[in-house]
Amino acid sequence: SQQGEEDPQALSIQEGENATMNCSYKTSINNLQWYRQNSGRGLVHLILIRSNEREKHSGRLRVTLDTSKKSSSLLITASRAADTASYFCATAFYTGANSKLTFGKGITLSVRP
Amino acid sequence: SQTIHQWPATLVQPVGSPLSLECTVEGTSNPNLYWYRQAAGRGLQLLFYSVGIGQISSEVPQNLSASRPQDRQFILSSKKLLLSDSGFYLCACGPRQGSAKDNSPLHFGNGTRLTVT
């Protein structure tokens, strides 16, 4: 079953606005990661937040993590048309020498020029 | 930096035919390698992962198999394709992880779009 569940499933905004995407998960994690996927392409890693961190920034990206609520949010500020893509959260859990990333179903973001 | 090559980019195969998708990695050694499948409108489902040559772990029972004949080569195969095998197949790599303190992202290839007809 999917570990991460993103919300909303689809988001349409005007260029220049901020986009907020949410992710909830069910079990303990070591870190949570956000990825971006352009249509028909592979995933590109955006940002990683460890379980002992609460907030992280990278350029126009801001991610928060609330382990008590088992949720995370990704904020893209001052959105651009080029930000149009699907965004996935993925939770990482390590067991011994193995690690597994479990992905949500993704959020489709459309930024109108 | 790591580069992941996947081929072919698109593939149309009839039901019952064999399948071989190849993934090779550059710019790293001893990586963990992964095969994911993405069905239309859905997230990524982990199919197989490998922590070393000849070491394959299967996540879900299915019509597919994987092999790792070399450190930086990962192959996804099927003897007889089913319609349900259609999807977008992604190869990914990450550093060899032996500690729960390791926090590293995965690097993905550009995927293979497989249509079984």
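Model, not experiment: these values are computed from the prediction. (Residues numbered from 1 in each chain as written. Chains lettered and ligands numbered in written order. Predicted model: local features only at pLDDT ≥ 70, side-chain atom pairs only at ≥ 80, totals over all residues. Heavy atoms only, no water.)

Undergrad: Help me understand the overall build of chain A in this model?
TA: Within chain A one finds zero helices and 11 strands. Starting at the N terminus and ending at the C terminus, chain A contains elements arranged as β-β-β-β-β-β-β-β-β-β-β. Its C-alpha atoms give chain A a radius of gyration of 14 Å, near enough to 13 Å, the size a compact globule of 113 residues would have. In terms of its C-alpha atoms, chain A occupies a principal-axis envelope of roughly 45 × 30 × 20 Å. (Helix = DSSP H or I, 4+ residues; strand = E, 2+ residues; numbered from the N terminus. Rg over C-alpha atoms; globule rule 2.2 N^0.38 Å.)

Undergrad: What exactly am I supposed to notice about unusual backbone geometry here?
TA: Glycine aside, the phi torsion of most residues is negative, and most peptide linkages are trans. Residues D7(A) and P8(A) are joined by a peptide bond in cis, for which omega reads 0°. Tracing the backbone through its elements, the reader meets P8(A) in the loop between strand 1 (5–7) and strand 2 (10–14). Between W7(B) and the following residue, P8(B), the backbone shows a cis peptide bond with an omega angle of 0°. Looking at the element boundaries, P8(B) is found in the loop between strand 1 (3–7) and strand 2 (10–13). With a phi angle near 50°, K70(A) is a residue other than glycine that sits in the positive phi range.

Undergrad: What is the right way to read the pattern of salt bridges from this model?
TA: Side chains that differ in sign of charge can pair as their charged atoms come close. With the rule as written, the count across this model stands at five salt bridges over all chains. When the shortest N-O distance is used, the salt bridge between R60(A) and D83(A) registers 2.9 Å. Here D83(A) lies in the loop between strand 8 (71–76) and strand 9 (85–95) and R60(A) lies in the loop between strand 6 (55–58) and strand 7 (61–66), a separation of 23 residues in the sequence. The class for D83(A) is buried, based on a relative accessible area of 6%. D71(B) is the partner of R68(B) in a salt bridge, and the nearest nitrogen-oxygen pair spans 3.1 Å. Like D71(B), R68(B) is buried. (Salt bridge = Lys/Arg side-chain N within 4 Å of Asp/Glu carboxyl O. Buried < 20%, exposed > 50% of the residue type's maximum accessible area, 1.4 Å probe, protein only.)

Undergrad: How do you make sense of the sheet that holds strand 8 (residues 73–78) of chain B when you look at a structure like this?
TA: Paired through their backbone hydrogen bonds, the strands of a sheet run either parallel or antiparallel. Residue and element names in this part refer to chain B. The four strands lie next to each other as 1-3-8-7, forming an open sheet whose pairing is antiparallel. Single-partner strands in this sheet number two, and they are strand 1 and strand 7 (65–70). Averaged over all neighbouring strand pairs, the angle between strand axes comes to 20°, with direction disregarded. With five bridges connecting them, strand 1 and strand 3 (residues 19–26) associate as antiparallel partners. From the neighbouring strand, T3 faces strand 3, where its bridge partner is E26. (Pairing = 2+ DSSP bridges. Axes fitted to C-alpha atoms, helices over the stretch in contact; angles between N-to-C directions.)

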